[in-house]
Amino acid sequence: MYKPAPPRPRKTNIIRSRNGCKSCRNRRTKCDEQKPVCGTCARLNKSCEYVQPMLKFQIITVRNPKKLLSTYDTPSKERKQRLAGNERLAVQAEQGNPLIGGYDIVKSLQTTERDVFYSTYWEDRCLPALHPMFYSATLLTADYPILNDAILALSSCNISRLYSERKISSTGLVGPLSPSLTHQTRSHLYYSSAIKKLTAMTASDCRHNAAVVFTVLVLFAHLESAMGNFQGFYCHVQGMMNFLVEWRGGPGDATIKPLLTSWMQTRYVVWWARAYFSSLDIHQQLPSIPLPISMKEVPFTLHERRVKVLSIMCESHRLNFKAVLQRFKSMRPEEEVTKENNQGYVECVSLLCQEATKLDEWLLHLPPSEQPIYELNDTNSTAIHFQSHDAALNYAYYVVARIMQCTGLLRELYSQTTPDHEDECYKAELWVQTLVQIAQGVDMRTSAARNSYTIGFSGLLLAGTLRCQSLSVGLEIQNWLQTLQDLQPTEEGAFPVYQTLSVVKAINQQRMVGRDVFAVTQPVDDGGGHPKVTAYNSQSISSLLFHGRCRIRNCLFEECITLGV
């Protein structure tokens, strides 16, 4: 239909060489680019020198971050959606090395894009595991860079812990995997930036932005808790206490109670982590962590109910284990059995009764939407389900508190046998079975992702194992932990799965030969170990002291047992 277009005439017959020598380029002639001397320079007997490319870099310091954002078109909604889509695709990688943990994907991101990447992950994965008040805190990041840095630090820390890297060499004590170094490095950078901004604030700045400063401190506490940095956590706790004393608006501020709720949850998480594993003497000295006065009222939200039941559970656990270990401490040659031991037992039973009364009141205010749903499955065993994962976890805390309030074991250890002694022991067994049924009813992937900032099922089941003398129930707990390790071999609820599993296996092995184990402690306390930078456990534990009773000889024992690796 149409004739082909005629060829365009050339403007010049000169063929320019872009890689020719200096002499030819200066004379604007064609260079044949032969090395080491081109033909023209050889014919004219001239020096032949080729041009080397030079790269020049210019460093630009932007005083106003908003100007930098404008150069990237101030991440539009479409850009955010595209980055969010890429992040979700990366997170959904289940096999092999997840895309989200790869070095190339982070290395290729510019500063602003990297911030959007971590903030998108924060909204999708971190916020559902935290108190809802952090949703509103996220809206303030544009106005408060210190808050933005703290949020991105916790977000990148969460990614580094959920998406692991395989070590070149490892031992059974630390596991074959380590947190993602790339994302962990980003977390340290964001954290350092937030700390610098905090230390640069004046007293007047803190007073005028009290809610933001307290939010940042709570985020710091969550990060140190996730890293197992006890020293750093206690430093922030002291800072928060001093800050609350100076905060004039404290109790009247609308944000104080939600922030206190989130903060107290972290304090109970760290308390629990310190209780497992410490020495006998340290365990005897573990302090009680009372609730603030403003949180002793009737809880109205799920998270308020969580913190209240956590306080009851941890205090019941402290009283129960303190009394048990005191009995074994009195067996040592340097200790003398005195009337104070029996008085301590009587006082412990009385205090546990008080905690049981608090727990009864807590249960009365539990709404129907958070109560268990019992279903009979194909194996004729009752499965326990809940309308939400958070409701299941809260009820699991309630069950563990009930286990610790059973005094049958204490009466047996202190030879205060009563007619209901066997009923008390049987009651504890039933509560442990209930805990196992709750754990079996939850989704393990959800548990590993949503329990990052609270006590998870791994730690709860370990406590239940120590208060259950049934081998069959102990093996059910072991199988659950083994399944979790096969699915998520790192940690759940800040508890290293492989370490918990090794302890439960050792307890069951003792049970198979007729020995019940009531407590495990360290021979020599390590202060909680070191921050979990290159591993998922802060403590390298190869052996533990097992405190229990030999059923065959009907006597108590205390023995150092080597854990299987």
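Parameters at a glance
Residues numbered from 1 in each chain as written. Predicted model: local features only at pLDDT ≥ 70, side-chain atom pairs only at ≥ 80, totals over all residues. Heavy atoms only, no water. Axes fitted to C-alpha atoms, helices over the stretch in contact; angles between N-to-C directions. Helix = DSSP H or I, 4+ residues; strand = E, 2+ residues; numbered from the N terminus. Parallel < 35°, antiparallel > 145°, perpendicular 65-115°, else oblique. Left-handed = near helix turned anticlockwise from the far one by under 90°. Contact = heavy atoms within 4.5 Å. Nonpolar A, V, L, I, M, F, W, Y, C, P; charged D, E, K, R; others polar. Phe/Tyr/Trp six-rings, centres within 6.5 Å; stacked < 30°, edge-to-face > 60°. Buried < 20%, exposed > 50% of the residue type's maximum accessible area, 1.4 Å probe, protein only. Lys NZ or Arg CZ within 6 Å of the ring centre and 35° of its normal.

As recorded in an unreviewed UniProt entry, the protein goes by the name Zn(2)-C6 fungal-type domain-containing protein, listed as coming from Aspergillus novoparasiticus.

Trainee: Would you explain the packing of helix 11 (residues 210-227) against helix 12 (residues 230-246) in this entry?
Mentor: Working note: a packed helix pair is described by the angle between its axes plus the distance between those axes. Close contact between helix 11 and helix 12 brings their axes to 9 Å; oriented N to C, the two are set at 160°. Here helix 11 lies roughly antiparallel to helix 12, going by the angle between them. Helix-helix and strand crossings are classified by hand; for helix 11 and helix 12 the assignment is left-handed. Between helix 11, through Ala210, Val213, Phe214, Leu217, Val218, Phe220, Ala221, Glu224 and Ser225, and helix 12, the contact on the second element is made entirely by Gly232, Phe233, His236, Met240, Phe243 and Leu244. For the contact of helix 11 with helix 12, the residue count by class is 11 nonpolar, 3 polar and 1 charged.

Trainee: What's the story with the packing of aromatic side chains in this structure? I'm lost.
Mentor: Two measures describe an aromatic ring pair: the distance that separates the ring centres and the angle between the ring planes. Counted according to the given criterion, the structure contains 16 aromatic pairs. Relative to Tyr118, the ring of Phe117 has its centre 5.2 Å away and its plane inclined at 70°; by these criteria the two rings are edge-to-face. Like Tyr118, Phe117 is buried. Taken together, the ring pairs in this structure connect Trp272, Tyr276, Phe277, Phe321 and Phe495 into an aromatic cluster. One residue, Arg467, lies across the ring of Phe321, its end atom 4.1 Å from the ring centre. In this structure, Arg515 packs its charged tip against the face of Phe557, placed 3.8 Å from the ring centre.

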